Amino acid sequence: MISVHPALEEKELRLLHGLQVAPRIPWAEAARILGTTAAGEAARWARLRERGLAWITAHPGGSYRRVTLALVEVDCLPGARRAVVDAACADPRAVTVEESTRGRDLLLTVITEDLAALTRYVLDDLERLPGVARQRTFVATAVHRHGSHWRLDALSPVEESAFQAAAREPARVPAAPPRDAWPLIEALAVDGRSTAADLARATDRNPATVRRQLGRLLASDLLSFRCELASEVSSWTVSSTWTAHVEPADHRRTVAALATFPELRMCVSTTGDANLAMTFWTRSPHDMLRIERKLGEHLPWLRIRDNAINLRTPKRMGWLLDGAGRATGTVIPPTALAAY
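Quick summary incoming for the structure in this document. (Residues numbered from 1 in each chain as written. Predicted model: local features only at pLDDT ≥ 70, side-chain atom pairs only at ≥ 80, totals over all residues. Heavy atoms only, no water.)

1. What about the packing of helix 2 (residues 27-34) against helix 3 (residues 38-50)?
Logical step 1: At a closest axis distance of 8 Å, the pairing of helix 2 and helix 3 adopts a crossing angle of 105°. Comparing their axes, helix 3 and helix 2 come out roughly perpendicular. Contact residues: helix 2 offers Trp27, Ala28, Ala31 and Leu34, while helix 3 offers Ala38, Glu41, Ala42 and Trp45.
Logical step 2: Across the contact of helix 2 with helix 3, the residue classes break down as seven nonpolar, no polar and one charged. (Axes fitted to C-alpha atoms, helices over the stretch in contact; angles between N-to-C directions. Helix = DSSP H or I, 4+ residues; strand = E, 2+ residues; numbered from the N terminus. Parallel < 35°, antiparallel > 145°, perpendicular 65-115°, else oblique. Contact = heavy atoms within 4.5 Å. Nonpolar A, V, L, I, M, F, W, Y, C, P; charged D, E, K, R; others polar.)

In structure tokens:
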């Protein structure tokens, strides 16, 4: 069991784990699984969200077939790091900004509507940004795991299965997104649990119209929903990003093996010799050696190219965070889907 921040109760952890699995589950259904009350779970969530310890957001994703994702390493000129961080955080294309060690100052996760838009960002806008010395871009060719897959260890297997069942959408034909969907997407980035009624109020649209539009949007495979947690919610507070090379013949078994690591937060295939990038969340920097040994034992064909600790994350999937990793309440929705 994960050790936790002393201010968190077991009931809060169990709710957070459930919301990681099913971010939009109705409170009544969550309460039925947890053996509590809907009012109690709603109040618990409101307190966590108000304290900046947890939040639910929607972001471009789904199958990631409609957007282009890249990891961009940025080197800053001496004394310019803070200005570059502020500029990157203000740009909706850089959905996540991490300050790193070893070989780079910043690691940006960039999502754009297509490769041409990514090219404009990295070759034009980022290159001209004052304080940027150089950048290296790795385009993701496949996304195997992302932040919404990482779990707290607070639910029993039976309870987690119940949340998984609640999260499954009924079978329906994939739909084209509704016209002018951006206001809905923008509102869901701020609060991924928004109902059709909430969205109607936020966008000043007819509730019945929004209900239909929301149904089409959720069926369009445009969005991913995730319950994000401040670093203090669990003791898995050290984030590190690794790059590695794997031969094409070993790619499938490598991804399958990595998926068994509970510390794995992100895994993408990328362009370049280092054709795999991974992010692990661990309890301490010393755990990186344990991860390296485990990789060597279970994936001896994998060639590690580099690893580096992400010292601070001022922005995660559009949300600005404070020094402790708590949500500040300021959200810069990723605009890769603004055309919809």
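2. Side note on unusual backbone geometry
Logical step 1: Of note, the phi angle at Asp180 is positive, near 55°, even though the residue is not glycine.
Logical step 2: Along the chain, Asp180 falls in the loop between helix 6 (157-167) and helix 7 (182-190).
Logical step 3: Note on Asp180: relative accessible area 46%, which makes it partly exposed. (Buried < 20%, exposed > 50% of the residue type's maximum accessible area, 1.4 Å probe, protein only.)

3. Some words on the nonpolar core
Logical step 1: Among the nonpolar cores identified, the biggest contains 30 residues, and Ile111, Ile185, Leu188, Leu199, Leu217 and Leu223 are the most heavily contacted of them.
Logical step 2: Elements that contribute at least two residues to this core include exactly strand 2 (68-76), strand 4 (106-112), helix 7, helix 8 (196-203), helix 9 (207-218), strand 6 (223-229) and strand 8 (264-270).
Logical step 3: With five residues, helix 7 is the single largest residue contributor to this core.
Logical step 4: Excluding residues that lie within four positions of it along the chain, Ile185 makes contacts with Leu217, Leu223 and Leu337.
Logical step 5: In this structure, Leu8, Leu15, Trp150 and Trp281 belong to the second largest nonpolar core, which totals 28 residues. (Core = buried A, V, L, I, M, F, W, Y, C linked by side-chain atoms within 4.5 Å.)

4. Quick notes on helix 2
Logical step 1: Here helix 2 has its buried residues at Trp27, Ala30, Ala31, Ile33 and Leu34. Seen end-on, helix 2 carries its buried residues on one side only, within an arc spanning 160°. Seen from the buried face of helix 2, the exposed residues on the opposite side, beyond 90 degrees, are Ala28 and Arg32.
Logical step 2: Buried-residue contacts for helix 2 involve helix 1 (10-21), helix 3 and helix 6.
Logical step 3: Of the residues trailing helix 2, Gly35 is marked for its positive phi of about 70°. (Arc of directions from axis to C-beta.)

5. Details of empty space enclosed by the protein
Logical step 1: Applying the stated criterion to the full structure yields one cavity of 30 Å³ or more.
Logical step 2: Here the largest cavity defines a volume of roughly 80 Å³.
Logical step 3: Around the largest cavity, the lining residues are Leu71, Glu73, Arg104, Leu107, Phe138, Thr241, Thr243, Thr270, Ala274 and Ala277.
Logical step 4: Broken down by class, the residue content of the lining of the largest cavity amounts to five nonpolar, three polar and two charged. (1 Å grid on protein atoms, 1.4 Å probe; cavity = no way out; pocket = protein on both sides within 12 Å on 5 of 7 lines; lining within 4 Å. Points joined across faces, edges and corners; volume = space filled by probe spheres on them.)

6. Details of the pattern of salt bridges
Logical step 1: Within the structure shown, the criterion is met by 28 salt bridges.
Logical step 2: Where Asp198 meets Arg201, a salt bridge forms, and the shortest distance between an N and an O atom there is 2.5 Å. Highlighted residues: Asp198 and Arg201, both in helix 8, separated by three residues, approximately one helical turn.
Logical step 3: Asp198 sits in the partly exposed class, given a relative accessible area of 28%.
Logical step 4: Put simply, Arg326 and Asp322 hold a salt bridge, and the shortest N to O gap is 3.1 Å.
Logical step 5: Its relative accessible area of 29% is what places Arg326 among the partly exposed residues.
Logical step 6: A single salt-bridge network, built from bridges that share partners, covers Arg81, Arg82, Asp86, Glu99, Asp105 and Arg312. (Salt bridge = Lys/Arg side-chain N within 4 Å of Asp/Glu carboxyl O.)

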